[in-house]
Amino acid sequence: RSIYEYHARTLGWCDMAYNALVDRYGQVFEGRAGGMDRAVQGAHTGGFNTDTWGVAMIGDFNAEPPTPIQLRTTGRLLGWRLGLDRVDPRGTVALTSADGSFTLFPRGATPTLPTIFTHRDVGNTECPGEAAYRLIPRLRDIAAGAANGEPPDLVDAMRGGAIYDTWMRLGSTDS
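Since this is a predicted model, take the numbers as computed values, not measurements.

## Focus: the pattern of salt bridges
- Here the structure, examined in full by the defined rule, presents four salt bridges.
- A salt bridge links R9 to E5; its shortest N-O distance comes to 3.9 Å. Residue R9 and its partner E5 are both found in helix α1 (residues 2-10); the two are separated by four residues, about one turn of the helix.
- As a salt-bridge pair, D141 and R90 come within 3.0 Å of each other at their nearest N and O atoms. Separated by 51 residues along the polypeptide, D141 in helix α5 (residues 136-147) and R90 in the loop between α2 (68-84) and β4 (92-94) bring together distant segments of the chain.
- Residue classification places D141 among the partly exposed residues on the basis of a relative accessible area of 35%.

Quick look at the structure:
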């Protein structure tokens, strides 16, 4: 709600910038209205909103990384979305900059970027934070598995997530 309030009310945009958002518990929220399975243009990465689809992991990841379930869910979401368009999550793409006050690339520049890239790859920002940025290769691997139809591992999905953390706090000695 606060992200919508900031984007739509404070900045005066028509909607929130991101196509989807993922919280620390792995819950996925539709951001930009119009359908997550459609090519709805967001306003998530200044200069590079055309032909991209933006996901925000909700949180501050400068020192602490996203939760394991948040990372896995984000990777699976990106793999699913890229799979709809038959785009390789581990590939590259040449995108043309539309310019903007926060982008590193002038209008018309066409850098080759990883298919899954972050704000800091194209903009004057530290987003997504150093702790999350170090995990982007892992995110691409998760997305590639999802795009190829690999089923999620239920044990892995629970380990490190909210259910596993609660179980461990309760003092289980089972492995």
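## Points about the environment of G149
- Its location among the elements puts G149 in the loop between α5 and α6 (154-158).
- Separated by 73 residues in sequence, G149 and R76 place their C-alpha atoms 9.9 Å apart.

## Observations concerning unusual backbone geometry
- In this structure, P128 follows C127 across a cis peptide bond, with omega equal to 20 degrees.
- Within the secondary structure layout, P128 lies in the loop between α3 (119-122) and α4 (130-133).
- Backbone geometry places D51, a non-glycine residue, at a positive phi of 65 degrees.
- As for its position among the elements, D51 is in the loop between β2 (28-30) and β3 (55-57).
- Residue classification places D51 among the exposed residues on the basis of a relative accessible area of 72%.
- Unlike most non-glycine residues, D99 shows phi in positive territory, near 70 degrees.
- Within the secondary structure, D99 sits in the loop between β4 and β5 (112-114).
- Judged by relative accessible area, which is 35%, D99 ranks as partly exposed.

Rules and cut-offs
- Residues numbered from 1 in each chain as written.
- Predicted model: local features only at pLDDT ≥ 70, side-chain atom pairs only at ≥ 80, totals over all residues.
- Heavy atoms only, no water.
- Salt bridge = Lys/Arg side-chain N within 4 Å of Asp/Glu carboxyl O.
- Helix = DSSP H or I, 4+ residues; strand = E, 2+ residues; numbered from the N terminus.
- Buried < 20%, exposed > 50% of the residue type's maximum accessible area, 1.4 Å probe, protein only.

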